[in-house]
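The chain contents come next:
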Amino acid sequence: MRSIAVTAFGALLCLSAPAQAELLVNISKSQQRLAVTLDGAEIYRWPVSTGVRGHDTPAGNFRPKRLERHWYSRQYSLTPMPWAVFFHRGYAVHGTMEAHNLGRVASHGCVRLRPDNAAILYSLVRRAGLGNTKVTVMNGPLPALPGATFMSEAETPQAGEAAEHFAAADGDHDHFHPLILDLVD
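Residues numbered from 1 in each chain as written. Predicted model: local features only at pLDDT ≥ 70, side-chain atom pairs only at ≥ 80, totals over all residues. Heavy atoms only, no water.

(A) Spatial organisation of the overall build of the protein chain. Regarding its fold elements, the protein chain presents four helices and nine strands. When its helices and strands are written in sequence order, the protein chain yields α-β-β-β-β-β-β-β-β-α-β-α-α. When burial is assessed residue by residue, the protein chain has 40% of its 185 residues classed as buried. Counting only carbon and sulfur atoms, one obtains 56% of the accessible surface of the protein chain, whose full area is about 10,500 Å². (Helix = DSSP H or I, 4+ residues; strand = E, 2+ residues; numbered from the N terminus. Buried < 20%, exposed > 50% of the residue type's maximum accessible area, 1.4 Å probe, protein only. Areas by Shrake-Rupley, 256 points an atom, 1.4 Å probe, with all protein chains shown as cover.)

(B) Here's a closer look at the pattern of salt bridges. Inspection of the entire model under this criterion finds five salt bridges. In this structure, the salt-bridge partner of Asp116 is Arg114, at a minimum N-O distance of 2.5 Å. Looking at Asp116, the relative accessible area reads 3%, which means it is buried. In this structure Arg114 comes out as partly exposed when scored by relative accessible area, which is 21%. (Salt bridge = Lys/Arg side-chain N within 4 Å of Asp/Glu carboxyl O.)

(C) Fine view of the sheet that holds strand S4 (residues 60-62). If you walk across this open sheet you meet the five strands as S3-S2-S1-S9-S4, and the pairing is mixed. Sheet topology places strand S3 (41-47) and S4 at the edges, where each strand pairs with a single neighbour. Between one strand axis and the next, the sheet turns by 15° as a mean value, whatever way the strands run. The pairing of strand S2 (residues 33-38) with S3 spans six bridges and is classified as antiparallel. (Pairing = 2+ DSSP bridges. Axes fitted to C-alpha atoms, helices over the stretch in contact; angles between N-to-C directions.)

(D) View of the nonpolar core. Ile27, Leu34, Val36, Trp46, Val93, Leu113 and Leu121 are the most contacted members of the largest nonpolar core, which totals 25 residues. Of all elements in the fold, only strand S1 (23-28), S2, S3, strand S6 (84-88), strand S8 (111-113), helix H2 (115-128) and strand S9 (133-138) reach the threshold of two or more residues within this core. Of all the elements, H2 adds the most residues to this core, at eight residues. When near neighbours in sequence (up to four residues on either side) are disregarded, Leu121 contacts Val25, Leu34, Val36, Trp46, Val93 and Leu113. Counting residues in each nonpolar core, the second largest holds five residues, with Met81, Ala84, Phe86 and Ala92 among its members. (Core = buried A, V, L, I, M, F, W, Y, C linked by side-chain atoms within 4.5 Å. Contact = heavy atoms within 4.5 Å.)

(E) Geometry of the sheet that holds strand S7 (residues 91-95). Here we have four strands laid out as an open sheet, ordered S5-S6-S7-S8, and mixed in their pairing. On the outer flanks of this sheet lie strand S5 (66-68) and S8, each paired with one strand and no other. Between one strand axis and the next, the sheet turns through 20° on average, direction left out of account. Sheet analysis places S5 next to S6, joined by three bridges and oriented antiparallel. Note that in S6 the partner of Leu67 across the bridge is Val85.

Structure, rendered in structure tokens:
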């Protein structure tokens, strides 16, 4: 009788606990691209800027260490690092005000994204949890997905209908859609 009660209680806990999604963030230094995979399905692929020679972005497998909505680099003249996902020492994936450099190396080692894309990533990591998120920085190309088709560079780099919920409200990257604010504040 006692084992039945314990089993029933355990089942009740499993049903009441929120499902934990597995979030993978793959970064290709050779392609200057970042791919976001949620529960095995790639949902985003964006251009990034990684570290220039002498300030290389470390390659490897990491778990995010912390999230910072507003952060300023103490090492580089208090440069803004919005929507920062720190994954190794002082290295982070974060928004940049230099979106014109995306697609080529340009940073001091961090991984730079458009601010609206960084906000989406920040929200996804926050929702999935640091322990359920893996950041992989690779020297080679991103893994190809069978049957995957990606938008051209001329199109908006968001995927699917969900992008409407995460796009910047008026194109100004300092003001984000209210849904993002609900998720991150």
